[in-house]
Structure formats: structure tokens, C-alpha cells
Amino acid sequence: MKTVKHKLTKEQYEKLKDMSYQKQHTHLFPDGVPVTWECGYGYYGHKLVQSGDEYWVEFTLGSSCD
């Protein structure tokens, strides 16, 4: 498994945090999960992360063509 991080602003983080997981997914991928993630390595989900005053979303991907 590997993780891809995408930095968020505090406002983006707060907005996403108030959504259900499915609504977060739809908001993060309005055009669907990238084909290279979904059909290549495998997309296994996301999570919101806060560390101090830094915010990001972590996407979990497979480490090889699963």
C-alpha cells in the first residue's frame, strides 16, 4: 500500500469533515476516481488528517497492480 497526500486549507478540511464519507468521495472525485488509481494500482479509500495547523486528505492506493 502507498499513500498519496493532497494538502487542504483549513476551510476545505472543515467543509469536508462535516460531510459523510460518501459525500466527501463525491466532492473529491466529481469526475470519478482516476482510472490509473482505480484500475491500475487499486484505490482503497481516503481519510482526512490534521496535524497542528496543517490539513490534508490521504488517498490509499495499492503498491502494485493488485
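What you are looking at is a predicted structure, and each value in this text was computed from that prediction instead of being measured.

**Q** Please explain the pairing of strand β2 (residues 43-51) as it appears in this structure.
**A** Residues in a regular strand project their side chains so that they alternate between the two faces of the sheet. Note: β2 against strand β3 (residues 54-61), eight bridges, orientation antiparallel. Bridged to Gln50 within β3 is Tyr55. Connecting β2 to the next strand, β3, in antiparallel fashion are two residues, including Gly52 with a positive phi near 65°.

**Q** Honestly, the packing of aromatic side chains in this entry has me stumped. Any pointers?
**A** The geometry of an aromatic ring pair is captured by two quantities: the separation of the ring centres and the angle between the planes. For the structure on display, the rule yields seven aromatic pairs. Between Phe29 and Trp37, the ring centres sit 6.1 Å apart and the planes meet at 80°, which makes this aromatic pair edge-to-face. Take Phe29 and Trp37: they sit in the same class, and that class is buried. Between the aromatic rings of Phe29 and Tyr43, the centroid separation amounts to 5.4 Å while the plane-to-plane angle is 75°, which identifies the pairing as edge-to-face. Of this pair, Phe29 sits in the loop between α2 (21-28) and α3 (35-41) while Tyr43 sits in strand β2, placing them 14 residues apart in sequence.

The rules behind these values
- Residues numbered from 1 in each chain as written.
- Predicted model: local features only at pLDDT ≥ 70, side-chain atom pairs only at ≥ 80, totals over all residues.
- Heavy atoms only, no water.
- Pairing = 2+ DSSP bridges.
- Helix = DSSP H or I, 4+ residues; strand = E, 2+ residues; numbered from the N terminus.
- Phe/Tyr/Trp six-rings, centres within 6.5 Å; stacked < 30°, edge-to-face > 60°.
- Buried < 20%, exposed > 50% of the residue type's maximum accessible area, 1.4 Å probe, protein only.

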